[in-house]
Amino acid sequence: MIRINDIVDEILKYNPQADVEMLQKAYVFSAQAHKGQTRLSGEPYLIHPLEVAYTLTRMNLDVPSVVSGLLHDTLEDSYVSKEEIEKYFGKEIAELVDGVTKIGKIPLKTSEESRVENFRKMLLAMSKDIRVILVKLADRYHNMQTLNFLSSEKQIEISKETIEIYAPLAHRLGIEWMKEELEDTAFKYLKPAEYRMIADKIAQKKKERDEYIGEVIGILKKRFDQFHLNAEVSGRAKGLYSIYRKMTQEALNIDDIYDIIAFRVVVNNIRECYEALGIVHAFFKPIPGKFSDYIALPKANMYQSLHTKIIGPYGEKIEVQIRTHEMHKIAEEGIAAHWKYKEGKVFDAKEDKIFAWLRRVIEWQHELKDNKEFMEIFKIDLFSDEVYVFTPKGDVRDLPKGATPIDFAYAIHSELGHRCVGAKVNGKLVPLRYVLKSGDSVEIQTNPTHKPSKDWLNFVVTSKAKTKIRQWIKTEQREQSIELGKTLLEKELTKHDKSLAKLLKSGELQTISKEFSFETVEDLFASVGYGLYTPLQVLGKVIPEGEKPSKLKTLISSFKKGRDSAIKVQGIDGLVVRFAKCCNPIPGDKIFGFITRGRGLTIHVADCTNVHAYDEQRKVEVSWQLNKDFTYPVRLKIVGNDRKGLLSDISSIMASNKANIISAQAMTYPDRSAAGMYEIEIGHMSQLQKIIKAIQKIKGVRSVERVRGTI
């Protein structure tokens, strides 16, 4: 168990001037705030903040960060306020603790929304002080170590989030040891059988592997000594999840994976890195195509090393990483080793490569309002491996693996991406779908009148390209919707001796827009153009209640009645809803909505065969809202053996389950089989399933099938 003295001892090793009194004070404050609280393990809650703080010292962080680790749960899990923390520990630490606090103040409707929203808040807090994310990572690191006390459902949920978000985030920030440990722990719960298999296999050969590592280290040191090269050499087995990922990606058996062992060579300067590489290649045969120079072309997280794979003693294939002491420090500490951070400065980086990604994250906070889209883009950027390509001037650009010339164009400038019509790679014309490779030289061809294509979204991979293309499409669609909405309103107003121009001039439309919760008249026009509201609904606000013609009253009121009220649309009220006749959704079906220009929202089942034909940008999230009794038409095709009383038995089942038969058609065949098509009205999927099960039990019935399509 970690004690406060362990934390103090650790921080004094790398920071002899550390404010020990502040650490002691934070320990006492945290102990009082969490007094009487226990974790699911039954241990005192205080153990958690102590572990988090100790992990932060492993990352060589400053006193405010470690203090924030001790206090990080006080705002969430106790009576403590931010003002109280600021009073005792200052504004800097109060802001850090507030940034790490997991629970948001805005009530959210689903746990998934809550997780995404909290994650966005965490990233936004990170823009003010990068240390927020480091404390958060340390918090997740200890929570993963105590995951065995949670339910299996929680274990899977948290592990999935860890392997999808937190481990890649640690990698992006250059903290490789934490990334590996987070992955391995999550892997243990997500794929327990595979985890045990690999762990057992590694354990069986531990003695043999340790002897081999010792032998290779001895050989390498001897060779370096021959050339008077002072080098530190170490070796270890790679992480279990790293091994599993390679097995799945390359369809290999664990016995076929050659680079399970990695050796690290640490020297004094860059010149010695290349000298060490030459010595390794002189005495061991390098494997063609398995060399990477991350010194000349550093990774986005500042990581630098030479990576080579060689044939070691006894024909074993091994990996050797060569770096300087400074590179090793950055590889271990990542962003925490950055000089600007060491000076205690907050997020302020104009040119530093490591901060370029962080700046993009902050931009997304403002540009991507949809939580699902935000997480999709964020994950794409987290998981990317780099390829390095050159501009015509010879400048290097790093892009995710799988990037295309379109991605390259958007990486240079948004307008270059928008106007891109072609590309040359290494002097030759290539399709815009061409997948770039490291070393490619790319030249973009443009046309000033060209516009982005929605099809580009099918093959671009960078977050910037996806975001900018989607923004352009939404802007373009909005302009079209505004014009369509104005036309539809003008047409309807003319029928009732009203003028759109006069309503605009009088300011009446501005007032009506606010009644529909829109900021501007253009927003109202766009909503009509998209089909969110009908011209008649707007007209209902223009004409006083007493002056409305009876026909108009009937039409407007009809929008508020019927089966459409059984649909709840995410974030939108008063929408005109229709049910698609191609798939006839009923309560219990998984559904989505599609905005039809000028006609409202059409509801389809999620697996509707027409889904692929629809514009993703116009799909909206919907759900069933069953507070009234409505019926829905369903067709059943029943096939069986022709016998006397079969139709009667089927009809009796439907009647006993309170399903109204609208129509029935029956046909017999020479082979004494019969088929019937029944159109019935039901209220919910459970009722339909009950009917189908009952009919399947009728003597002679071979199959019962729900038929989708026009009714």
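Within every chain, residues take consecutive numbers counted from 1 along the sequence as written. Local features in this predicted model are restricted to residues whose pLDDT is 70 or higher, and side-chain atom pairs enter the listing and the counts only when it is 80 or higher, whereas totals over whole chains, interfaces and linings include all residues. Here the side-chain values reflect all heavy atoms present in the structure, with hydrogen atoms and water set aside.

1. Considering the overall build of the chain
Okay, step 1: Only runs of H or I of at least four residues qualify as helices and only runs of E of at least two qualify as strands under DSSP, and these elements are numbered from the N terminus. Helix and strand counts for the chain stand at 29 helices and 20 strands.
Okay, step 2: Evaluated residue by residue, the chain yields a buried proportion of 49% over its 711 residues.
Okay, step 3: Throughout, a contact is declared for two residues whenever any of their heavy atoms are within 4.5 Å. Taking as baseline every contact in the chain between residues at least 6 positions apart, the subset at least 24 positions apart corresponds to 66%.
Okay, step 4: In short, Shrake-Rupley with a 1.4 Å probe defines the accessible areas, and a residue's cover is counted only from the protein chains shown. For the chain, the accessible surface area stands at approximately 35700 Å², while carbon and sulfur atoms represent 51% of it. Partly exposed describes any residue whose relative accessible area lies between the buried limit of under 20% and the exposed limit of over 50%, with all areas from a 1.4 Å probe on protein chains only and scaled to the type maximum.

2. Quick word on the sheet that holds strand β20 (residues 701–707)
Okay, step 1: Here, strands pair whenever DSSP counts at least two bridges between them. Across the sheet, which stays open at both edges, the four strands sit in the order β18-β19-β17-β20 with antiparallel pairing between neighbours. For this open sheet the edge positions go to β18 (660–668) and β20, each flanked by a neighbour on one side alone. Taking each pair of neighbouring strands and ignoring which way they run, the sheet shows an average axis angle of 15 degrees.
Okay, step 2: Relative to strand β19 (residues 673–682), β18 runs antiparallel, the two being bridged by eight bridges. In the sheet register, methionine 667 faces β19, and the bridge partner there is alanine 675. Every angle, taken between N-to-C directions, lies between 0 and 180 degrees, and every axis is a line fitted to C-alpha atoms, over only the stretch in contact when it is a helix.

3. A few points about the pairing of strand β7 (residues 396–400)
Okay, step 1: Bridge count between strand β6 (residues 386–390) and β7: five bridges; the pairing is antiparallel. Bridging from a neighbouring strand, valine 389 pairs with arginine 397 of β7.
Okay, step 2: Counting the residues that bridge the hairpin from β6 to β7 gives five residues, and of these glycine 394 lies at a positive phi of roughly 95 degrees.

4. What about the side chain of aspartate 184?
Okay, step 1: Positionally, aspartate 184 belongs in helix α11 (residues 176–190).
Okay, step 2: One buried charged side chain, aspartate 184, makes no salt bridge at all; its nearest oppositely charged neighbour is arginine 236, positioned 7.4 Å away.
Okay, step 3: Two N or O atoms count as a polar contact when they lie within 3.5 Å, although within protein this holds only if one can serve as hydrogen donor and the other as acceptor, and sequence-adjacent residues are included solely when both atoms are side-chain atoms. Only 3.2 Å separates the side chain of aspartate 184 from the backbone nitrogen of leucine 240, close enough to count as a polar contact. Counted charges follow a simple rule, with Lys and Arg positive, Asp and Glu negative, and His plus the chain ends left uncounted. By definition, a salt bridge exists where a carboxyl oxygen of Asp or Glu is found within 4 Å of a side-chain nitrogen of Lys or Arg.

5. Here's the deal with the sheet that holds strand β9 (residues 428–430)
Okay, step 1: Here we have three strands laid out as an open sheet, ordered β9-β8-β10, and antiparallel in their pairing. Strands with a single pairing partner mark the edges of an open sheet, and in this sheet they are β9 and β10 (442–446). On average, adjacent strands in this sheet sit at an angle of 35 degrees to one another, irrespective of strand direction.
Okay, step 2: In the packing of helix α20 (residues 405–412) onto the sheet, contacts are made with β8 (420–425), β9 and β10, and the angle to β10 comes to roughly 85 degrees.

6. Observations regarding the packing of helix α2 (residues 20–33) against helix α4 (residues 63–71)
Okay, step 1: Closest axis-to-axis distance for the α2/α4 pair is 9 Å, and the angle between their directions is 10 degrees. Regarding the angle of α2 to α4, the classification is roughly parallel. Residue-level contacts link Met22, Leu23, Ala26, Tyr27, Phe29 and Ser30 of α2 to Val63, Val66, Val67, Leu70 and Leu71 of α4.
Okay, step 2: For the contact of α2 with α4, a count of residues per class yields 10 nonpolar, one polar and no charged. Geometric relationships in this document are graded by angle, where less than 35 degrees denotes roughly parallel, more than 145 denotes roughly antiparallel, 65 to 115 denotes roughly perpendicular, and other angles denote oblique. Each residue receives one of three labels: charged for Asp, Glu, Lys and Arg, nonpolar for Ala, Val, Leu, Ile, Met, Phe, Trp, Tyr, Cys and Pro, and polar for the others, Gly being one of them.

7. Regarding the confidence of the model for the chain
Okay, step 1: The pLDDT score gives, residue by residue, the confidence of the prediction method on a 0 to 100 scale. The pLDDT averaged across the chain works out to 79; a share of 80% of its residues lies at or above 70.
Okay, step 2: This stretch, residues 103–110, has a pLDDT under 50; its non-local contacts, to residues over four places away or in other chains, come to 10 contacts.
Okay, step 3: Scored below 50 in pLDDT, residues 555–561 makes eight contacts in the model with residues more than four places away or belonging to other chains.

8. Quick notes on helix α26 (residues 535–542)
Okay, step 1: In terms of burial, α26 is largely enclosed, as seven of its eight residues are buried.
Okay, step 2: Along α26, the residues classified as buried are Pro535, Leu536, Gln537, Val538, Leu539, Gly540 and Val542.

9. Focus: the pattern of salt bridges
Okay, step 1: Counted according to the given criterion, the structure contains 16 salt bridges.
Okay, step 2: Residues arginine 140 and glutamate 161 are paired through a salt bridge, measuring 2.8 Å at the closest nitrogen-oxygen approach. Residue arginine 140 is found in helix α9 (residues 131–145), and its partner glutamate 161 is found in helix α10 (residues 152–172); the two are separated by 21 residues along the sequence. Of the two residues, arginine 140 and glutamate 161, neither departs from the other in class, the shared state being buried.
Okay, step 3: Across the pair arginine 271 and glutamate 275 runs a salt bridge whose closest N-O atoms are separated by 2.3 Å. Taken together, the positions of arginine 271 and glutamate 275, both in helix α15 (residues 270–283) and four residues apart, correspond to about one turn of that helix.
Okay, step 4: Overall, the relative accessible area of 52% leaves arginine 271 in the exposed class.

10. Points about the nonpolar core
Okay, step 1: Membership of the largest hydrophobic core comes to 65 residues, with the highest contact counts inside it found for Leu71, Ile85 and Met178.
Okay, step 2: For this core, the element with the highest residue contribution is α9, accounting for eight residues.
Okay, step 3: The contact partners of methionine 178, leaving out residues within four places of it in the chain, are Thr55, Met59, Leu137, Ala138, Tyr141 and Ala170. What we call a nonpolar core is a set of buried Ala, Val, Leu, Ile, Met, Phe, Trp, Tyr and Cys residues that are connected through their side-chain atoms within 4.5 Å.

11. With respect to the packing of aromatic side chains
Okay, step 1: Classification of ring pairs rests on two measures: the distance between centres of Phe, Tyr or Trp rings, Trp counted by its six-membered ring, which must be within 6.5 Å, and the angle between planes, read as stacked under 30 degrees, edge-to-face over 60 and tilted in between. What the rule picks out here adds up to 13 aromatic pairs.
Okay, step 2: Seen from their ring centres, phenylalanine 29 and tyrosine 88 are 5.8 Å apart, and the 55 degrees between their planes marks the pair as tilted. Residue phenylalanine 29 is located in helix α2, and its partner tyrosine 88 is located in helix α6 (residues 82–89); the two are separated by 59 residues in the primary sequence.
Okay, step 3: What makes phenylalanine 29 buried here is its relative accessible area of 10%.
Okay, step 4: Note on tyrosine 294 and tyrosine 303: the rings are 6.2 Å apart at their centroids and 65 degrees apart in plane angle, and the pair reads as edge-to-face.
Okay, step 5: In textbook terms, an aromatic cluster arises when at least three aromatic residues are bridged by ring pairs, as seen for Phe187, Tyr195, Tyr241 and Tyr244.
Okay, step 6: It is lysine 25 that lies over the ring of phenylalanine 89; its NZ or CZ is 5.4 Å from the centre.
Okay, step 7: One residue, arginine 58, lies across the ring of tryptophan 177, its end atom 3.8 Å from the ring centre. Note on geometry: a ring has a charge over it if NZ (lysine) or CZ (arginine) is within 6 Å of the ring centre and within 35 degrees of the ring normal.

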